[in-house]
Every structure is written in structure tokens, then in C-alpha cells.
Amino acid sequence: MTLEFRDAVLSAYPDVYTPEVLRALEALAPLDDQRRERMAARLVRRKQRAGAAERIGFLDPASKVPGKPFTVADARAGNFDGAVIPPDLQRQWIQGTGPATKPRSDTRSGIRNVAYALLSGADGWMFDGEDALGQVDTMSLDNHRNLKLALARDPLFLAVAEEVSREMNQWAKGFFGRPIIEDWRKQLDFTTVIYRVRGLHLEDRHLRRNSHGFSASIADMALYVVNNHERLRAAGRSIVLYLPKTQTAEDAALFNAMLVALEEHLGLEVGTIKCYVLVEQLEQCFQLMEIRAALAPHFVGFNTGRWDYINSVSDALAWDKAFVNPDISAITMTYGYMRTYEDRVRRAMNTPDRNGRFALWQGGMEPNIPVGSEAGVTASMKRAVAGAEREQREGASGKWVAHWKMVHIVRPVWEKVGQENQMGRAFPALTYGPEDAAGLMRLEPAPRTIAGARDLLSVALQYGNAFLRGFQAAALKPADFFGNDDVLYLMEDMATGEIRLSILWEWLHKGAVFTEADAATGTAVGDPLTPGLFARLLDEEYAKLRKAGNRDVHDDSKDTTLPVARAIVQAYVNSPVKAPWYVDLLNLNLGVERLAEAEKRIATFLETFGKDGTRITENLDF
């Protein structure tokens, strides 16, 4: 065996690391070499573009789609065999998202997350192995264990589900005036189970190969599919994955190779495993049809997000002094480059392949939670429904929600229309000219304010603290609104931290100027974010968090993980070389509560990355 396993995970999780799983991991392990090469090539490409002041562009139409015998031009024209959308994915009006466990919880407590999800009434639930799943201790393995137990309808899960159904109905009677679950056993079979594997850029915390980190993507694929494929197929259900952080058709081709290798290892027909791809990266929008073709016959649809995509645009243009984002609140799905992004995705999904097949467009995330004052909840739910109505009008076949309580608030938008999906809706064909490229990076006038900077800092600090404690899905709001129940908490994941630090770095290193005066800091219109002003804002926002009540910032974090989160934020934003991922620095410090040790790791990472572009991604405490 070429794989090494951390501590006693094999003996502690024999139900997860079964002999079948171990054989699959060994079979797929050689693909990790290709992944490491791809990730190194990504960073080289990023550095070369920055050095040459070169923006991302479209591929040469005559070039080949990676892993396929046809050209980019063929892919754009739909001259390939796409996937048949299976029955249980034809209607996905609402997909919920979230992990199948909780930090440091026993199985009974953690598996409640699965019960909430499968009883929610969502058409699909993306059980998250990536941005919303904490990586402390063995959470990633608990995630797989709980899903396996739930899909097997283990007696423990059924007991928990019955208990949770009563709690959900009690809440629904108070909010809607009616229950939302009639038959809890029947309801468990309504929702299509989907799993989001971790991205190619991440490494598993419990596995190594040849004394270096091992692909988290391969680990998640093997554990989820091997442990559950027989049961899913016996029930007539699809095996469905979400693939995140895919930047190019080459990345998609590598994911496709992993899927094919796993299918062949298990004796499954190629194309049995279906996958959605999250469009989270600017470069993806230059290669949408190429990515769709590279993943055929597995690909079923794209999902449009917000935070991760904004982060990728900021990161891709970190070298461009003229590209400076406004306040994050201004960058909605109808803003400049976001509007172009969404439009290209819907046009790509409604381009038929040579068999006349289209693909699904799943809209973005609704992060609101209906918890707060009556006025706050009413206003927020009105905005949430309006956002869903806009996406439905624009052609989305459904959207995401971040909390089960939002399902019955947002789902009626699609239910009233009554269409299973909007595949095949007529949109203009995709074009690939200079104006199309420019639209993907188009800025529009919008505010850039001290209040916006405080928002970025406060939530970035809170999220870093939550991550380090295992809460990669966390309900957050800026510290200035603590205690104000008219302003609701938003359910956030890793993407919220990434975008906030990217924009702060951008503002500081590009001399971004404020569009509004701020009396408290003495900032005038046209003043830039200077190192001194950033330091002051960091001190003030950090102080607010230390003074906050336990509800908003856990008291036992204020002298442990919160100072580490501050050190990461401070170092990241001040670094002259922009780090590609906030998550790298957080992962590096999981389990670290001594500030001196954290500062040492942060400095080593930034020094190493600045020197030769190497990311330290493996678990230093293996």
C-alpha cells in the first residue's frame, strides 16, 4: 500500500475506510501525481499572467479539448455526446447545502444535520465536504459515516429523524401556521442526495502518499461513492457529485479521469456518476462549453455562486492596479461582471449537444435564515423571494438555500410556475470576441466606504475564528449589528472569508480610494486605504469581537483561535505578494491555539509562497 493514514483513523473508522474503499483509494492514487502537476501549473500560469500584465482570454478554437478527440470549436458548437439528465435531477427547484455533521459531536448529535436536510422538502441536498464542512479532528470522516448510516436507514438515524421531524413541524406551525412534514418516513425519500467533494487544490488531513499530501478530491470521491453506490442504485437513485473550484477544461478533464477510473474500478458503466460543476472561477467563464464537453458523459449542470466567483475575479486581476472592486454589498448578481457571468452560464447550459440535450442551470445561494425580529425577518424574506423570482425569470431551474428553514419560503417561486426545469429555453448563442472577454471583468461605479471596509474585516475575522473551531458553516453578521435583530445573520461558508480578504488586499495594495467621507476616522472622499488606516480598522474591529457576548463570539475562543484568526488576516492583507487562498493559512493552523506557533506557520507559508510560488497544503501535524 502506497498510502499512509493518520493516527488511528483506520481502527476508529472501519465502517468508512472499508476494504472496498481502501482498494479504490489505491486504484485512484496514481491520479494524485497528475493533480499535483495541475496545481503547480495553475500557480505558474497565475504568476506568468501577473508578470506579463495579461488578462485571461478565450482558448484557440482549433486546440483540442483535454482528454477528448475533438476541438474547442466542436465543444462550443455542441458536437459531443452530453449526459442524459436522470429522473431524480429533472426537477431541482431547491437544493439545500450543508454538512452531515457538527464539530466535535457524537454520531447521534451530528447525524441530526442529515435528518434536517432530508426532511426539509428540498428537491436535492448537497452534503458538503468542502467549504461548509469543518476539518477539525475527524469531521470529514464523521461526515461520511453519518451519510452512510442515513442512506442505510440505520435505526439510530430513524430515531433521530422522527425526533427532528417533530421539532421542524413545531417551528413550521409557529412560522407558517401549518406543519411541513406529513409522513416523516416518506419525506426522507423525497430529496436527492448530492455530495460536494473537496477541490483539486486541497489535500486530505488523514491521508498521505509517498510522504506528501494526498488529494482531498480523490478521498471524498472514493469514500462517498464506494460506501453508498450500491444502496443508491438499488433504490433507483442517481450518484451525484458537485465539483468545486474547477478553473479550466484541463481541471475538468482530470476530474473526468478520476470519475472514469472510479467507475471502471467498481464495474460501473462510464457515465453512471453524474456531476454538477460550480462556476466559481473567472477562467471557467472563458471555457464553459469546453468544461461541459471535457466532463461528458458525467456533466449535468452548472451552479452560479457569488462569493467564490467575486473572489476569483479579484485574485485573477490582483496585478491590475486599475481593477478595484467596490463595497461587497454592491456586487450583486446584476452588477457589471456578475451580470455577464450569469448570462454566459445560462447560454452555455442551453446550447444543445449533438443529440439535442441541454444541461441544468442551478442558481445561486440564499444565505438568509428566518431568525430575528419580525421586521427583520419580513424584510429579509421579501428580498430572498425577490432574488429567487429574478433567477427564475432569468432561466435558472432552481437555486440553493443555506438553511432548511428557507426551503418552504423560496421553493414556491418555482412551484407556482410548475415547470420541472428550464432546459432548452432560447437564449442567444455564446460568442467569443473581445467585448465578451471585457464584459467578464467590467466594473461599474459603486460605493467604496469605511463601513464597507469594516464589514469586510469583521466578517473575515469572525469567519476565520469559526473555521478554526470547526464551524466552516457559520451564521455571521458585522459586529456593528450585534444585538440588532432587525439585521439578520447570514449563513456563510469559506467563500465569505476568501472574498473579504481578497478585496481588502486589493484595496490596500492598489490604493483604492473611498467614495464617501467618514467622520469617525477622519477619512475624506478620495482618501485611500493606507497601511495605517487598515491597522486602525483591524484593531477596532478586533476589539469589538473580544467585547462581544458569547452568542456572537464564543468566550472560549477569545484567547485561543480568535488571536490566530487576527494574525492570519493581518499577515494576508499586508503581504506584498497576494496569497491565492485564505483557506491555506486556516488549514495550516487547525488545532493551533498558541499564537507564537501560528505566527511562525503563517510567516513560513507566505515566505515560501513569495519565494517560488509553493503552497504549503499538507497537514503539518500528521
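Details of the structure are given in the entry above.
Structure report, in brief. Just so we're clear, the structure is a prediction, and the values are computed from it rather than from any experiment.

**Some thoughts on the side chain of aspartate 131**
Turning to step 1, where the next piece is worked out: Locating aspartate 131 in the fold gives a position in the loop between strand S3 (124-128) and helix H8 (139-151).
Turning to step 2, where the next piece is worked out: Judged by its relative accessible area of 5%, aspartate 131 is buried.
Turning to step 3, where the next piece is worked out: Contacts of aspartate 131, omitting those with residues within four sequence positions, involve Arg196, Lys245, Asp308, Tyr463, Gln472, Asp493, Met494 and Ala495.

**A short note on the pattern of salt bridges**
Any two side chains of opposite charge can pair, on the condition that their charged atoms come close.
Turning to step 1, where the next piece is worked out: Within the structure shown, the criterion is met by 60 salt bridges.
Turning to step 2, where the next piece is worked out: As a salt-bridge pair, arginine 196 and glutamate 280 come within 4.0 Å of each other at their nearest N and O atoms. Residue arginine 196 is located in strand S4 (residues 192-196), and its partner glutamate 280 is located in the loop between strand S8 (273-279) and helix H13 (288-294); the two are separated by 84 residues in the primary sequence. For the residue pair arginine 196 and glutamate 280, the accessibility class agrees, reading buried in each case.
Turning to step 3, where the next piece is worked out: We note a salt bridge from lysine 544 to aspartate 480, for which the minimum N-O separation is 2.7 Å. Taken as a pair, lysine 544 in helix H22 (residues 531-547) and aspartate 480 in the loop between strand S12 (474-476) and strand S13 (490-492) lie far apart in primary sequence, 64 residues in all.
Turning to step 4, where the next piece is worked out: In this structure, a network of salt bridges that share partners links the residues Asp128, Glu130, Asp131, Arg196, Lys245, Glu280, Asp308 and Asp493.

**So, unusual backbone geometry**
Turning to step 1, where the next piece is worked out: The amide bond that connects alanine 296 to the next residue, proline 297, takes the cis arrangement and shows omega of 5 degrees.
Turning to step 2, where the next piece is worked out: Following the sequence through the fold, proline 297 ends up in the loop between H13 and strand S9 (299-304).
Turning to step 3, where the next piece is worked out: Of note, asparagine 210 is a non-glycine position whose phi angle comes to about 50 degrees, a positive value.
Turning to step 4, where the next piece is worked out: With respect to the element layout, asparagine 210 can be found in the loop between strand S5 (203-209) and strand S6 (212-215).

**Here we look at the packing of H8 against helix H11 (residues 216-234)**
Turning to step 1, where the next piece is worked out: It is the contact of H8 with H11, at a shortest axis distance of 10 Å, that shows an interaxial angle of 5 degrees. Considered as vectors, H8 and H11 are oriented roughly parallel to each other. Judged by residue contacts, Leu141, His144, Leu147, Lys148 and Leu151 of H8 engage Asp220, Leu223, Tyr224, Asn227, Asn228, Arg231 and Leu232 from H11.
Turning to step 2, where the next piece is worked out: The class makeup of the residues in the contact of H8 with H11 is six nonpolar, three polar and three charged.

**Here's the deal with the sheet that holds S6**
Turning to step 1, where the next piece is worked out: With respect to topology, three strands assemble into an open sheet ordered S1-S5-S6, the strand pairing being antiparallel. Whereas interior strands pair on both sides, the edge strands pair on one side only; in this sheet they are strand S1 (3-5) and S6. Strand-to-strand twist across the sheet, computed as the mean angle between neighbouring axes with direction ignored, equals 55 degrees.
Turning to step 2, where the next piece is worked out: One ladder, built from three bridges, connects S5 with S6; its direction is antiparallel. Of the residues in S6, the one forming a bridge with arginine 208 is glycine 213.
Turning to step 3, where the next piece is worked out: Taken strand by strand, helix H3 (residues 31-52) contacts S5 and S6, and its axis lies near 100 degrees from that of S6.

**Digging into the nonpolar core**
Turning to step 1, where the next piece is worked out: Of all hydrophobic cores here, the largest spans 193 residues; its most connected members are Tyr17, Leu25, Phe127, Phe157, Tyr224, Leu241 and Leu295.
Turning to step 2, where the next piece is worked out: The leading source of residues in this core is helix H20 (residues 450-468), at eleven residues.
Turning to step 3, where the next piece is worked out: Among the nonpolar cores identified, the runner-up in size contains twelve residues, and Ala83, Met126, Val240 and Leu278 belong to it.

**Concerning the environment of arginine 36**
Turning to step 1, where the next piece is worked out: Structurally, arginine 36 can be placed in helix H3.
Turning to step 2, where the next piece is worked out: The partly exposed category is assigned to arginine 36, whose relative accessible area is 34%.
Turning to step 3, where the next piece is worked out: With 177 residues separating them in the primary sequence, arginine 36 and glycine 213 have C-alpha atoms 9.5 Å apart.
Turning to step 4, where the next piece is worked out: Excluding its chain neighbours within four sequence positions, the residues that come into contact with arginine 36 are Glu203, His212 and Gly213.
Turning to step 5, where the next piece is worked out: For arginine 36, the side chain forms a polar contact with the side chain of glutamate 203, separated by 3.5 Å.

**Description of the state of the cysteines**
Turning to step 1, where the next piece is worked out: This structure, assessed with the given rule, holds zero disulfides.
Turning to step 2, where the next piece is worked out: Cysteine 285 supplies the cysteine sulfur nearest to cysteine 275, a cysteine that is in no disulfide, at a spacing of 17 Å.
Turning to step 3, where the next piece is worked out: On the basis of relative accessible area, cysteine 285 is assigned to the buried category, the value being 1%.

**Concerning the sheet that holds S8**
Turning to step 1, where the next piece is worked out: Strand order in this closed barrel of eight strands is S2-S3-S4-S7-S8-S9-S10-S11, and the pairing throughout is parallel. Each neighbouring strand pair of the sheet contributes to a mean axis angle of 25 degrees, computed without reference to strand direction.
Turning to step 2, where the next piece is worked out: The pairing of strand S7 (residues 239-243) with S8 spans five bridges and is parallel. The partner of valine 240 across the bridge, within S8, is lysine 274.

What counts as what
- Residues numbered from 1 in each chain as written.
- Predicted model: local features only at pLDDT ≥ 70, side-chain atom pairs only at ≥ 80, totals over all residues.
- Heavy atoms only, no water.
- Helix = DSSP H or I, 4+ residues; strand = E, 2+ residues; numbered from the N terminus.
- Buried < 20%, exposed > 50% of the residue type's maximum accessible area, 1.4 Å probe, protein only.
- Contact = heavy atoms within 4.5 Å.
- Salt bridge = Lys/Arg side-chain N within 4 Å of Asp/Glu carboxyl O.
- Axes fitted to C-alpha atoms, helices over the stretch in contact; angles between N-to-C directions.
- Parallel < 35°, antiparallel > 145°, perpendicular 65-115°, else oblique.
- Nonpolar A, V, L, I, M, F, W, Y, C, P; charged D, E, K, R; others polar.
- Pairing = 2+ DSSP bridges.
- Core = buried A, V, L, I, M, F, W, Y, C linked by side-chain atoms within 4.5 Å.
- Polar contact = N/O pair within 3.5 Å; in protein donor to acceptor, adjacent residues only side chain to side chain.
- Disulfide = S-S within 2.5 Å.

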